[in-house]
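Listed below, chain by chain, are the residues.
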Amino acid sequence: MCVYLSDWPIQRLVVAQPELRRQRVVLYTQDARGQRVSAISPAARRDRVRVGMPLSEAKSILRDVSREPEPRGEGVSPRFSPRTTQIGDRPRRFPVYFMPHDRTADRTALVQLALSCESLAPRVGLEPDEQPECLFLDVAGVAHLFGGEAGLLAQIQRHFQQRGYTACAVLANTIGAAWGLAKFSDGQMEFSHLPVGALRLAPTIVETLRQLGVERVSQVQQLPRADLSSRFGDEIHRRLDQASGARDEVLDWVPPPVEFYTQRFLDFPTTDATTIQFILSQLVEQLCQQMRARQRGGLQWECRLYSPDQAPRRIDVSLFQPAAEVRHVMPLVRMQMEQQELTNTRGKSSRVRQVFDGAFAVHHVSLSVTQSVVLIDRQRLLFDENPRLDKQELSHLINRLSARLGADRVVGARLVAEAQPELACRLEPLVGQATARHKGRAVVRNGSPLQRPLRLHSPLAIDVISSGGDDSPTQVLLEGERCGVAGCWGPERIETGWWRGPSVRRDYWRVELDDGRWLWLFCDLRSREWFCQGEF
Amino acid sequence: MVAKRELLESLREQVQRIETAGRPNGQFVSLGCPALDALLPQRGDALLPQRGDALLPQRGIARGTIHEWLAPRGGSGAEILSLIAAREACRDGGALAVIDSIGCFYPPAAALWGIGLENTIVIRSDSRRDAAWAIDQALRCSAVAAVWGFVDLIGERWLRRFQLSAEQSGCLGLFVRPAAEAGKPTWSESQWLCRGVPRRASRNFRIAALAKPVAHQSKDSSRELAAHQRDGEDRLVQVRLARLRGGAAGASVTLQIDFQTGGVQVARRDNEADCVRLSERLANPAVGRRAARA
């Protein structure tokens, strides 16, 4: 069975950020020819934006549609660029989102989605493509569990709909036929009537065949095989054979990531949180024993609580350092149970306190360690050990903080060789990363400590009165208050980021106000507007 | 009368002993500036008579305490001075926990001030309650040398919890808070009120220097100009010890933060006058010649 998730990069983003639904979203990538559009939402497609066109062209098309100039402060790396348009006499506001295309995240999310299908098929694989959009489910011999093939298809549709995805599932005898029908069927269930693209051929071959007037699979099947081989090699033969089943095709199935797994079925469902925690502590103890026996410690723990009449609840615990002790893991599991992360109806991620309520009856508990590393025991000194150097204590602190606040809220900073101030640093979660913490060379930056502000915020548009030949500010209108400038030093010109789009061109000034405050202002050289970006 | 004074001294010592009983023994951290350390009482035999470090009196802030830097608004210099103290606290290898509730902490600047980012944890929270909980957890951890951050509105009870947590672990709490918090009940060991001091003359000096073509300046005057230009970029911050537990508050000092090195020292009183004189001299060489003849 093939499940086709059309516009997968867009779908993934929409599920993660529901505010993007039905909006104009354009994803772009950087290649040797510059920034190109790599994925678009249906709304953007209606505006004649196409995949492969330069990003600047897409921007100009959408700008024409909006009939409004670019918003102020471009190049500050906003997540989106809202514009307004006029429809009739009534002004209407619609946003246009330009985002870099994260293919790794696409693949990772698709793998996660494939793993979620474990209850539907024993083996799930990804489309062997750089940018996969299809999942292949091996459903041989399982249809009767769902009341037949129709029931299986309905169940699969429900499975993806519940997660917010729009999917087209097709059951066929071969991988090739299922793929072609899922992507190109459009109501047509006869494979030979599909376009040539349904054969998974290279775009150049499809284009050549189209120029020759061959547009349907049936037309390709009628062509003499010897002629096809001499012109296109073995590619067309192989794909035709794979679609018909004459040639076997092997897929790389997504391996189950679980390294250590245990579960417990309850005789009767229970809503008692203490009982559930007790069962969980026993399961944690079992896994800890298994891991200690293999000298390993868990970094990522995943607990699932199943209820007969509700969707399962999942508790993830990520650790800064591997642990194989109940006393280290269980407090974090308890904390997570009390602090479940929910998504509110507006779609914005928010943390809502939810005590583990008694309405959720649990009848099955599973616990797995999805990432483990070698556990290194260190002999502690009895005397004269500096407590500040106790990394174990530090890791417990990081684990606790991450469990309650979220992994993305407890971060480490890494300097990046970037001239643009807001991009000169990268904040990375400290937990759940076995190798990333030590990856890459550290950037060392030298200079005066007073060159950069300790507080850096999003550029705030301000009014500045400047004088002199060097445009140095003399008065600043900040939050409605007029402040005199007692001293200023600059300009420090920063021109960079041309490869990210419109280049950033700014003149930075360190400004001392009359009340003794030091601010970091810059003048955008393109718009000649002033912004306040930091405080020293 | 003498008996009453002795009684008061005795009671003060007893209170001091009770209040500091839970703290790590004899560990003090410099504020990174001798002038600020000098405002604090010397930790010698007068205060801690039975401790082992009585023979090594030190100045600075004791580990296991919390301190507040108050500033009327952002950019007044409180962040810099408190971060310098945090840097000193981390010299023994402990980690630095940065509480960044509003997401504006800029690590590259902290790195320029000598903060080791590889040993720094940045904690961001969505609510004040989460921030307070995170501060408390970090202060309890013995592997953390200092907890530093912007803490605006927080209750007295939380501050008491912070103090007890810091005493337990020997961690140092250094918080930047609004100046409006001065005078309110607190469990902090000290409160430092910071205010930036503007140097109007620096701008006049800079404009005057630019007004004169570089080609017409002599080699010596160029060197002098460069030195004074650097001096003109130094930052002045006035610091007042607004509160000190068990000690006298009210002392004030104006500090000069060196632009090149970041070193902090007491500001020269004649700094501004020097700048004006030099700018006049460069703008009008006749003034300089007259001054030299005089």
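Just so it is clear, the model here is predicted, and its values are computed rather than measured. (Residues numbered from 1 in each chain as written. Chains lettered and ligands numbered in written order. Predicted model: local features only at pLDDT ≥ 70, side-chain atom pairs only at ≥ 80, totals over all residues.)

## Quick notes on the sheet that holds strand 6 (residues 123–126) of chain A
Residues and elements named next belong to chain A.
Right, so step 1: Judged by pairing direction, the sheet is antiparallel, and its four strands sit side by side in the order 6-7-1-8 without closing on themselves. The sheet is open, and its two edges are formed by strand 6 and strand 8 (168–170), each paired on a single side. Sheet twist, expressed as the average angle between the axes of neighbouring strands with direction ignored, equals 20 degrees.
Right, so step 2: With three bridges connecting them, strand 1 (residues 2–4) and strand 8 associate as antiparallel partners. The residue of strand 8 that forms the bridge with Val 3 is Ala 169. (Pairing = 2+ DSSP bridges. Helix = DSSP H or I, 4+ residues; strand = E, 2+ residues; numbered from the N terminus. Axes fitted to C-alpha atoms, helices over the stretch in contact; angles between N-to-C directions.)

## Some details on the nonpolar core
Right, so step 1: Core analysis: the biggest nonpolar cluster contains 131 residues, and B:Val144, B:Ala146 and B:Val147 have the highest contact counts within it.
Right, so step 2: With eight residues, the single largest contributor to this core is helix 3 (residues 78–89) of chain B.
Right, so step 3: Once you skip the residues sitting within four places of it in the chain, B:Ala146 turns out to touch B:Ala86, B:Ala89, B:Cys90, B:Leu96, B:Cys171, B:Leu172 and B:Leu174.
Right, so step 4: In this structure, A:Met1, A:Ile156, A:Phe160 and A:Leu181 belong to the second largest nonpolar core, which totals 39 residues. (Core = buried A, V, L, I, M, F, W, Y, C linked by C-beta atoms within 7 Å. Buried ≥ 20, exposed ≤ 12 C-beta atoms within 10 Å, placed from the backbone. Contact = placed C-beta atoms within 7 Å.)

## Some points on the interface of chain A and chain B
Right, so step 1: Counting residues at the interface gives 50 residues for chain A and 51 residues for chain B.
Right, so step 2: Elements supplying a minimum of two residues to the side of chain A that touches chain B: helix 13 (391–405), strand 15 (410–415), strand 16 (425–429), strand 17 (455–467), strand 19 (481–496), strand 21 (518–524) and strand 22 (529–535) of chain A.
Right, so step 3: With eight residues, the top contributor of residues to the side of chain A that touches chain B is helix 13 of chain A.
Right, so step 4: Of the residues that constitute the side of chain A that touches chain B, the class distribution is 26 nonpolar, nine polar and 15 charged.
Right, so step 5: Here strand 15 of chain A pairs with strand 5 (residues 120–123) of chain B via two bridges, running antiparallel. Across the sheet, the residue bridging to A:Val411 is B:Val122, located in strand 5 of chain B. (Nonpolar A, V, L, I, M, F, W, Y, C, P; charged D, E, K, R; others polar.)

## Focus: unusual backbone geometry
All names here are of chain A.
Right, so step 1: We note that Asp 7 has phi near 50 degrees; this positive angle belongs to a residue other than glycine.
Right, so step 2: Structurally, Asp 7 can be placed in the loop between strand 1 and helix 1 (8–16).
Right, so step 3: C-beta crowding within 10 Å serves as the criterion here: with 19 such atoms nearby, Asp 7 is assigned to the partly exposed category.
Right, so step 4: Although it is not a glycine, Gln 295 sits at a positive phi angle of roughly 55 degrees.
Right, so step 5: Here Gln 295 shows up in the loop between helix 11 (273–293) and strand 10 (296–306).

## With respect to the sheet that holds strand 16 of chain A
By way of backbone hydrogen bonds, the strands of a sheet pair with one another, either parallel or antiparallel.
Right, so step 1: The sheet built from eleven strands is open, its strands ordered 16(A)-15(A)-5(B)-4(B)-6(B)-7(B)-3(B)-8(B)-9(B)-10(B)-11(B) with mixed pairing. Only two strands of the sheet have a single partner each, and these edge strands are strand 16 of chain A together with strand 11 (264–266) of chain B. Here the average twist between neighbouring strands, direction ignored, is 30 degrees.
Right, so step 2: Lying over the sheet, helix 13 of chain A contacts strand 15 of chain A together with strand 4 (95–99), strand 5 and strand 6 (144–150) of chain B, oriented at roughly 110 degrees with respect to strand 15 of chain A.

## Structural notes on the pairing of strand 19 of chain A
Residue and element names in this part refer to chain A.
Right, so step 1: Pairing of strand 18 (residues 472–478) with strand 19 involves four bridges; the strand directions are antiparallel. If you follow Leu 478 over to strand 19, its bridge partner there is Glu 481.
Right, so step 2: Where strand 18 folds back on strand 19, the antiparallel hairpin that results is connected by two residues, among which Glu 479 adopts a positive phi of roughly 50 degrees.
Right, so step 3: Pairing of strand 19 with strand 20 (residues 504–513) involves nine bridges; the strand directions are antiparallel. Residue pairing across strands places Gly 487 opposite Glu 512, the latter belonging to strand 20.

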